[in-house]
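The residues making up each chain are set out below.
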Amino acid sequence: MTGERIHKSLWTTTAAARRFPALTGELAVDVVVVGGGVAGLTTAWLLRRAGKKVAVLEMNRLLTGQTGQTTAHLTELLDTPYHQLRSDFGEKGARLAAASSRASLELIAALVEQLGVDCGFQRVPMFRYAETDSQLRELEKEVAAAREVGLQASLAREVPLPFPVKGALRLENQALIHPRTYLLAMAERLEQEGCLLFEDTRAVEVHDGTPCRVVTERGTVFAMDVVEATTTPLNRLFLHTKVYPYRTYAVAGPLEAPVEAGLYYDSQDPYHYIRPQRIDGVDYLIVGGEDHKVGVEEDTDKHFAALEAYTKRFFPVTRLTHRWSGQVIEPADGLAYIGRNSASRHTYVATGFSGTGMTWGTLSGMILSDLILGLQNPYAALYDATRVKVKAGAKDFLQENAEVAFHFVADRLSRPDGHTLSEVAPGEGKILEVAGRKVAVYREEGGACHAVSPVCTHLGCHVHWNSAERSWDCPCHGARYSPTGKVLNGPAVKDLASRRLPPEASTDSPNTTNGDNR
């Protein structure tokens, strides 16, 4: 995937990694972890420390998936307000959500010290600020709820930003980190201690059983337990009705005047999230936001443009050196799904991390390792992956799944973007209809064209072109493919099928033959 990704994150360009081998043939271990990001590596770390023989399978390079695209805010503040969690999960549930986030943050701090890695870990305050009176009233309510669930929350009238605000929710003892430096050190230590790490090894099938089998394109791994730490689990149909994929964007550039170290969030919808990070003697400012559903917008470059304009308008940054985007998986009821998969005895999942991937990814390792080891975990019941909270998630569940059904039908009936290759510009992708059949066509900068089926290999929705990332994105469950149809993001495990274009596709006269849209 690193070769396909157009935009590299600040983390990727400032922390080089060596290669790990690909799997060859068959292998037997105690636990196989699918996914080489924060959730997968933390799970592997805790299990290896408990004496388990562990293998980690990463489809591309370690930490080039969503962990590589994070903005790494280590915070107890969740995307779902605590007053809402208290209403949906009760007082005890809201307290456990806060306590679990604190436990995750403290585990990261302990591991940084244990690994002896210089990854810019720094304790800082967090500010969720208001710019209007109505936003301030909402924050006052959230400050009260945060205090009641045990957080060190206060209402601040002064916020160390270069522009005035009405006030802010302030949380103490949050943290900054260079996530890639931290996790690369963990990967190196894992290998030294006997954990098997495999790159360029894509899992295509997971079979629960005794033992379980994980089938890859390069061989099969047998294990007593399987952990799917893959942002979205592989073909877990029921779980996919409870999680919803969004794209989020980030930009970064060197600061030309100081911004006090901290985590900053405005109260817009979608909100902006801001923080500095010192790397190799340079103070960068990272600004993220502009979230939207995957696959519903073709002109995704406008979101980078909006973030760049916002950053330059409000902060002492005139030169932006990095831009990147990532996948955010929103849970139906506001909390991540972590635990044993439905109808499985030995397969575990971790997904729905919302905007708190570093903390909930780490928490996943804590919960899943305890479950596999047969230990009690105080947070396991709250995050149970099989739960259905009708009251909490009903509205989003109905709306999001109605949109999936809509796209499944409407995209088949929609008008194509064109009918001939001449309508596809260099560096562009379009859905063409040729000889009555829809094809997804990408033209390289040099002029060569690639044609693939537009039908997502997960559940059959049609993919849409993402101009900023040059990818084919599925609006139904968030699968993403390279311009040539290679899987970039699950839940799909198979590439888009290649298509041979008939001679008429090269002509300038449109072909309007009706026929199979698959």
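To keep things clear, this report deals only with the structure shown in the data block. Computed from a predicted model, the values in this text were never measured in an experiment. (Residues numbered from 1 in each chain as written. Predicted model: local features only at pLDDT ≥ 70, side-chain atom pairs only at ≥ 80, totals over all residues. Heavy atoms only, no water.)

Time to look at the side chain of E76. When you line up the elements, E76 lands in the loop between β2 (54-57) and α3 (82-115). One polar contact links E76 to R102, side chain to side chain, over a distance of 2.9 Å. (Helix = DSSP H or I, 4+ residues; strand = E, 2+ residues; numbered from the N terminus. Polar contact = N/O pair within 3.5 Å; in protein donor to acceptor, adjacent residues only side chain to side chain.)

Here we take up the nonpolar core. In this structure, Y82, Y182, M186, L335 and Y383 are the most contacted members of the largest nonpolar core, which totals 87 residues. Among the elements that make up this core, the one with the highest residue count is α3 (12 residues). Judged by nonpolar contacts, the second largest core, of 21 residues, contains A168, Y249, L255 and L307. (Core = buried A, V, L, I, M, F, W, Y, C linked by side-chain atoms within 4.5 Å. Buried < 20%, exposed > 50% of the residue type's maximum accessible area, 1.4 Å probe, protein only.)

Glancing now at the state of the cysteines. Scanning the entire structure with this criterion turns up one disulfide. The disulfide that involves C461 links it to C476, with 2.0 Å between the sulfurs. Taking the torsion about the S-S bond as the criterion, the C461 to C476 disulfide, at about -95°, is left-handed. Highlighted residues: C461 in the loop between β19 (449-452) and β20 (464-466) and C476 in the loop between β21 (471-473) and β22 (480-481), separated in sequence by 15 residues. Both residues of the pair, C461 and C476, count as buried. Just so you know, C474 is unpaired, no disulfide at all, and the nearest cysteine sulfur is the one on C456, 3.9 Å from it. (Disulfide = S-S within 2.5 Å.)

Packed helix pairs are characterised by how far apart their axes lie and by the angle those axes make with each other. Where α3 meets helix α4 (residues 133-148), the axes come as close as 11 Å, and the angle between the chain directions of the two elements is 5°. Considering the angle they form, α3 stands roughly parallel to α4. In this structure, α3 uses Y82, H83, R86, E91 and R95 to contact α4, whose residues at the interface are E138, K141, E142, A145, A146 and E148. When the residues that make up the contact of α3 with α4 are grouped by side-chain class, the tally is three nonpolar, one polar and seven charged. (Axes fitted to C-alpha atoms, helices over the stretch in contact; angles between N-to-C directions. Parallel < 35°, antiparallel > 145°, perpendicular 65-115°, else oblique. Contact = heavy atoms within 4.5 Å. Nonpolar A, V, L, I, M, F, W, Y, C, P; charged D, E, K, R; others polar.)

Glancing now at the pairing of strand β7 (residues 203-207). Regular strands have side chains that alternate between both faces of the sheet. Looking at chain direction, β7 and strand β8 (residues 212-216) are connected through four bridges and run antiparallel. Its bridge partner being in β8, E205 is matched across the sheet by V215. Counting the residues that bridge the hairpin from β7 to β8 gives four residues. (Pairing = 2+ DSSP bridges.)

A separate point is helix α8 (residues 357-373). Since the α-helix advances by 3.6 residues per turn, residues separated by three or four positions end up pointing in the same direction. Taking 1.5 Å per residue, 17 residues should reach 24 Å; α8 reaches 24 Å between its end C-alpha atoms and fits that length. Counting buried residues along α8, 14 of its 17 residues qualify, which places the element largely inside the surrounding structure. Just downstream of α8, G374 is the residue with a positive phi angle, here 75°. (Expected span 1.5 Å × (residues − 1).)

Another point: the sheet that holds strand β4 (residues 153-156). Strand order in this open sheet of eight strands is β4-β5-β3-β11-β12-β13-β10-β14, and the pairing throughout is mixed. One side of each edge strand has no neighbouring strand; the edge strands of this open sheet are β4 and β14 (322-331). Pairs of neighbouring strands in the sheet enclose a mean axial angle of 30°, with direction left out of account. Against the sheet, α3 engages β3 (122-130) and β5 (167-176), with an angle of about 40° to β5.

A cluster of like negative charges, contributed by E298, D299, D417 and E423, occupies part of the molecular surface. Following the sequence through the fold, D299 ends up in the loop between β13 (282-293) and α7 (301-314). Take D299: its relative accessible area is 44%, and that puts it in the partly exposed class. (Patch = residues over 30% accessible without salt bridge, like charges linked within 9 Å, V, L, I, M, F, W, Y side chains within 5 Å. Areas by Shrake-Rupley, 256 points an atom, 1.4 Å probe, with all protein chains shown as cover. Salt bridge = Lys/Arg side-chain N within 4 Å of Asp/Glu carboxyl O. Lys, Arg positive; Asp, Glu negative; His and termini not counted. Charge placed at Lys NZ, Arg CZ, Asp CG, Glu CD.)

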